[in-house]
Amino acid sequence: MAADAREAALEVLTACRKADAWADGALKAVTARSGLSPRDAALAARITYTVLQNRMLLDYHIKNLCKNPDLEPVVLDILRIGACQILLLDRIPVSAAVNSAVELAKKHHRARAAGLINAVLRNLDRSRERLSEPEDLSLRFSHPQWLVERCVALLGREEAIRFLAANNAPIPTTIQRNRLLCSREQLLEELRDTHWEPHPWLEDCYEVSGTGNLEQMPSFQKGHFFVQDAAAALVSLVAGCRPGMTVLDVCAAPGGKSFGAAIAMENRGTVLSRDIHPHKLKLIEASAKRLGITCIQTGLADARRVDEAMERAADVVICDVPCSGLGIIRKKPDIRYKDPAELTGLPPVQKQILSAAAEAVKPGGCLVYSTCTILPEENRQVVDGFLAENHRFTLEPFSLPSPVGDTGGDLTLWPQRHQTDGFYICKLRRIHD
């Protein structure tokens, strides 16, 4: 069991390395069973994410100072944790970073490596003013070369650098006010002891930090807000969800878009939240209850298959499909290290889900396709393939607040441009029966 923040971080990094675990899930599990104080839990999270965000850069500096290039994985993880504190985190004494790394090595039966760890970290501290920034963008920003090349091709070098930097920057958590239960004034009063800012351009969204575990806040427990990035919050706005509608959310978990639709509908009408995982439906139900939402009906379904009972029955269908997640690297830094070969199978599945979902849209109804990725082959290319085979649908222009403004029917949001996750939204209208 982890006894302190650094040991918890090492346990999470080990789970990511050995079990291919996701850092956020592993971090929640480790901190829950370790009984860490809120302060230590926050430090464990900060160390874990900073290491993952900068792993390639940390390895570059470590191996330039290490005479033995073939380090055991656990030793390298301990060095990453120490180097991260020395180079990238504020207000942590070097002595604490070094001594805790040495103790970690001893505790994990690597006493013979303790001297090496001490020497490398001390040397790193002495030489940090002379460390050169790698010219290679992949090393500098710890993104795989293939992703750097794609970003440069999509954005140009200078904006690609801003995107890569945004993926590694600390970000606040975005919450959305639950208008069903809470006024704006009431929510802001409840947030008075928290650092918060209104989202730069989206009403009823707030950026908060320094909260610790949001789920422990009385305001959260009373259902006065839910966590959702501003980009995802736009889906119900783009769809035009209104009271009395029937809305189908075909890939609903974890439920944020269903909640946004229900709130926009003033809890009047029906939101059918479908997902393929039974345990995720239970989580949606629990969250809906907390938020005071009664119009949501959950159901088990495979989004790749047409639901004959729903054919031409929905005013709005929300189709937020499984994707590479490359737009949310700033929140899930380990996404960047996944095998890119796995991405090639996504677009056919995404098109299959979009085509099946389209059958549920009534004539004149709206179909919103969205992803949390920035790759065209998962976004506009999927839509174009769908439209080539479905002449009943057409792109419908929509407008959003500045800095977005008018669109021709689809939009890619970028963190360096819009202060949101990387996200794609496309609005389609069924124009024929």
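Everything numeric in this text was worked out from a predicted model, so none of it was measured.

Thresholds applied
- Residues numbered from 1 in each chain as written.
- Predicted model: local features only at pLDDT ≥ 70, side-chain atom pairs only at ≥ 80, totals over all residues.
- Heavy atoms only, no water.
- Core = buried A, V, L, I, M, F, W, Y, C linked by side-chain atoms within 4.5 Å.
- Buried < 20%, exposed > 50% of the residue type's maximum accessible area, 1.4 Å probe, protein only.
- Helix = DSSP H or I, 4+ residues; strand = E, 2+ residues; numbered from the N terminus.
- Contact = heavy atoms within 4.5 Å.
- Axes fitted to C-alpha atoms, helices over the stretch in contact; angles between N-to-C directions.
- Parallel < 35°, antiparallel > 145°, perpendicular 65-115°, else oblique.
- Nonpolar A, V, L, I, M, F, W, Y, C, P; charged D, E, K, R; others polar.
- Phe/Tyr/Trp six-rings, centres within 6.5 Å; stacked < 30°, edge-to-face > 60°.

Draft legend 1. Representation of the nonpolar core in the model. One finds V247, I293 and L413 to be the most contacted residues of the largest nonpolar core, which totals 60 residues. By residue number, the principal contributor to this core is helix α13 (residues 230-239), which donates eight residues. Sequence-distant contacts of I293, defined by excluding residues within four places in its chain, comprise L180, F259, A262, I263, N267 and A288. Counting 43 residues, the second-largest nonpolar core is a separate cluster that includes L58, L79, I86 and I117.

Draft legend 2. Just the packing of helix α5 (residues 73-87) against helix α6 (residues 94-107), in detail. It is the contact of α5 with α6, at a shortest axis distance of 9 Å, that shows an interaxial angle of 175°. When the interaxial angle is binned, α5 and α6 end up roughly antiparallel. Contacts between α5 and α6 involve I78, G82, Q85 and I86 on the former and, on the latter, V94, A97, V98, S100, A101, L104 and A105. Residue composition of the contact of α5 with α6, by class: eight nonpolar, three polar and no charged.

Draft legend 3. View of the packing of aromatic side chains. Taken as a whole and assessed by the stated rule, the structure comprises six aromatic pairs. A centroid spacing of 5.3 Å and a plane angle of 85° characterise the contact between F163 and W414, whose relative ring orientation is edge-to-face. Placement of F163 in helix α10 (residues 157-168) and of W414 in the loop between β13 (410-413) and α18 (415-418) is noted, with a sequence separation of 251 residues between them. Given a relative accessible area of 0%, F163 falls into the buried group. When its relative accessible area of 5% is taken as the criterion, W414 is described as buried. Seen from their ring centres, F226 and F259 are 5.9 Å apart, and the 80° between their planes marks the pair as edge-to-face. In this pair, F226 is assigned in strand β4 (residues 225-227) and F259 in helix α14 (residues 256-264), connecting sequence segments 33 residues apart. For F259, a relative accessible area of 4% puts it in the buried group.

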